[in-house]
Amino acid sequence: MTTAPLQPACAVRNPIGAHVPVAGRGLAGTGLAYAGRVGAETVQVFVANPRGWATPPGNPAQDEEFRAACADRGIPAWVHAPYLINFGSDNPATRERSADSLRHSLRRGHAIGALGVVLHTGSAVGTAPGGGSRRAEAMAQVRTDVRPLLEELDGLGDDAPWLLLEPTAGQGSSLCSRLEELAEYVEALDHHPKVGVCLDTCHAFAAGHDLAEPGGVTAALDALAAAAGPGRLRLIHANDSEDVVGARKDRHANIGAGMIGAEPFRELFEHPETAGVPLVVETPDRKHGGDGTGHAMDIAVLKELRDRATVRARGGGRRPEAARKPAGAGQP
C-alpha cells in the first residue's frame with residue numbers, strides 16, 4: 001500500500017474514497033490519516049456504533065478539526081446511519097429508537113460538515129392483521145416517522161446534510177431493493193428536496209439488476225433516475241458482489257474480484273446521472289491485512305477506470321461533463 005496525495009474533490013468528476021475507521025484518534029486523527037494512506041478523495045464515517053442504539057455526543061474540538069481538514073483538502077464527507085434503524089418494524093420501541101438514532105446521525109452529520117447521511121431503507125417486519133404482507137402499513141410508518149425528522153432537517157439551514165436512501169439487497173420483506181421501488185419511498189416523503197439516493201452496486205446486483213451484462217449499469221441508472229427523479233443520486237457505494245445476480249445476499253467483494261467485475265464500473269462513470277457523484281468503497285479490507293491495503297487497491301482500480309471512461313452526452317444531463325480518454329478494459 002502506498003500513500004497517495006489527496007486531490008481536491010473539485011478537480012475530478014467523481015471523487016473516489018472509502019468508509020474509514022475513526023476509533024482511536026477520532027475523525028481527523030484516525031479517519032483522515034487513513035484516507036491519506038489509501039488515496040481517498042472522499043470519506044464515509046460512522047458517528048455511533050453501527051450495530052447499537054447509543055447516541056454518543058460529539059467532541060466540538062474534534063468536529064471542527066475534521067470539518068476544517070475536509071474543507072482544506074477538498075474531501076466530501078458522509079455519514080452512515082446505524083444498521084438497526086427500521087421504520088417498517090411492527091415494534092413501536094424499534095421505531096422510536098430508530099427515530100432517535102437517525103436524528104442523532106443527522107445532527108452529528110451537520111456538526112462535522114457531512115454532505116449526507118445514508119439510511120438503509122428497511123423492511124416490513126411482522127404480519128398484517130389479516131395475514132400477508134405489512135408493506136402498505138410499513139410504508140405509512142415511514143411517512144409518519146421520517147417526515148418530522150425532515151422538518152427538523154429544514155431547521156438546520158442550507159448546509160444541512162441530505163438524507164440518502166440506500167436500497168437493500170432484497171433480504172426478507174425489504175421495503176426498497178429494486179431501484180424502481182424508490183418511487184414509492186420518495187413519494188412517501190413528499191419528494192422532500194433533501195431526500196436523495198445512495199446506490200450500492202452490490203445491493204442492486206443482489207436485488208436483480210444485472211450490472212455485469214453490457215448496458216446493465218446504464219439500465220440501472222436510468223431506472224433509478226426515473227423512479228427517484230433526476231439529480232437525487234448523491235453517493236455511490238462501489239462494491240463488487242461475491243454472489244450471483246438476484247441472490248439477495250449482501251456480500252461485498254473487492255472491485256473486479258466478484259461477479260460484477262471491474263468493467264461495469266467504467267460504464268458507471270460514463271452515465272450523466274453520476275456526474276459529480278462521489279464513490280465510496282465498502283469492500284473487504286481484512287482479506288488484505290486490514291490496514292487499508294484492500295481499500296487502496298480498490299480505489300486505485302476505480303481511479304484507473306475513471307480515467308478511461310468516456311462521458312457520453314445525453315439530453316438533460318444535470319452537470320457539465322469533461323471529456324475523457326477512450327474507454328479501455330480497466331481490469332485490475
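Residues numbered from 1 in each chain as written. Predicted model: local features only at pLDDT ≥ 70, side-chain atom pairs only at ≥ 80, totals over all residues. Heavy atoms only, no water.

Observations regarding the packing of helix H3 (residues 92–111) against helix H4 (residues 135–154)
Running from N to C, H3 and H4 cross one another at 25 degrees; their axes reach a closest spacing of 11 Å. By the angle between their axes, H3 is roughly parallel relative to H4. Considering only the axes of H3 and H4, their crossing is right-handed. Contacts between H3 and H4 involve Arg95, Ala99, Leu102, Arg103, Leu106 and Arg107 on the former and, on the latter, Gln141, Thr144, Asp145, Leu149, Glu152 and Leu153. Residues belonging to the contact of H3 with H4 are distributed by class as follows: 5 nonpolar, 2 polar and 5 charged. (Axes fitted to C-alpha atoms, helices over the stretch in contact; angles between N-to-C directions. Helix = DSSP H or I, 4+ residues; strand = E, 2+ residues; numbered from the N terminus. Parallel < 35°, antiparallel > 145°, perpendicular 65-115°, else oblique. Left-handed = near helix turned anticlockwise from the far one by under 90°. Contact = heavy atoms within 4.5 Å. Nonpolar A, V, L, I, M, F, W, Y, C, P; charged D, E, K, R; others polar.)

A closer look at the state of the cysteines
Tallied over the entire structure, the rule returns 0 disulfides. Unpaired in this structure, Cys176 has its nearest cysteine sulfur neighbour in Cys198, at a distance of 12 Å. By relative accessible area, which is 0% here, Cys176 ends up buried. Counting only cysteine sulfurs, Cys198 is the nearest neighbor of Cys202, a cysteine outside any disulfide, at a range of 12 Å. Looking at Cys202, the relative accessible area reads 0%, which means it is buried. (Disulfide = S-S within 2.5 Å. Buried < 20%, exposed > 50% of the residue type's maximum accessible area, 1.4 Å probe, protein only.)

Quick notes on unusual backbone geometry
Excluding glycine, residues mostly carry a negative phi; peptide bonds, for their part, are mostly trans. Positive phi is not limited to glycine here, since His191 has a value of about 50 degrees. Take His191: it is sitting in the loop between helix H5 (182–188) and strand S6 (195–200). At Arg248, a residue that is not glycine, the phi angle is positive and equals roughly 55 degrees. Residue classification places Arg248 among the exposed positions, given a relative accessible area of 52%.

Structural notes on empty space enclosed by the protein
Following the criterion strictly, the structure yields 1 cavity of 30 Å³ or more and no others. Ranked by the residues each element gives to the lining of the largest cavity, the list is headed by helix H7 (residues 216–228), at 3 residues. (1 Å grid on protein atoms, 1.4 Å probe; cavity = no way out; pocket = protein on both sides within 12 Å on 5 of 7 lines; lining within 4 Å. Points joined across faces, edges and corners; volume = space filled by probe spheres on them.)

What to know about the side chain of His104
Relative to the helices and strands, His104 resides in helix H3. A distance of 2.7 Å separates a polar atom in the side chain of His104 from the backbone oxygen of Pro56. Apart from residues lying up to four places away in sequence, His104 is in contact with Val47, Ala48, Thr55 and Pro56. (Polar contact = N/O pair within 3.5 Å; in protein donor to acceptor, adjacent residues only side chain to side chain.)

Quick look at the layout of surface pockets
Rolled over the atoms, a probe with the dimensions of a water molecule shows which regions are left empty. As a volume, the largest pocket reaches approximately 880 Å³. Contributing to the lining of the largest pocket are 26 residues, with His19, Phe46, Arg51, Tyr83 and Glu282 lying nearest its centre. Here the lining of the largest pocket is built from residues that sort into 9 nonpolar, 9 polar and 8 charged.

Description of the pattern of salt bridges
In total, this model carries 18 salt bridges according to the counting rule given. With its nearest N and O atoms 2.8 Å apart, the salt bridge here joins Asp243 to Arg251. The buried category is assigned to Asp243, whose relative accessible area is 11%. Owing to a relative accessible area of 41%, Arg251 belongs among the partly exposed residues under this scheme. (Salt bridge = Lys/Arg side-chain N within 4 Å of Asp/Glu carboxyl O.)

Details of the sheet that holds strand S5 (residues 162–166)
Pairing is parallel in the closed barrel, where 8 strands are placed in the order S1-S2-S3-S4-S5-S6-S7-S10. Neighbour-to-neighbour, the strand axes of this sheet turn through a mean angle of 30 degrees, independent of strand direction. Sitting on the sheet, H3 is in contact with strand S3 (77–80), strand S4 (116–120) and S5, with an inclination near 160 degrees to S4. Across the sheet, H7 is in contact with S6 and strand S7 (233–237); its angle to S6 comes to roughly 160 degrees. (Pairing = 2+ DSSP bridges.)

Quick word on the pairing of S7
Of all 5 residues making up S7, 4 are buried, and the element is well covered by its neighbours. Relative to S7, S6 is paired through 4 bridges, and the arrangement is parallel. For Val197, the partnering residue across the bridge sits in S7 and is Leu233. In this structure, S7 lies alongside strand S10 (residues 279–281), joined through 2 bridges in parallel fashion. Paired with His237 across the bridge in S10 is Val280.

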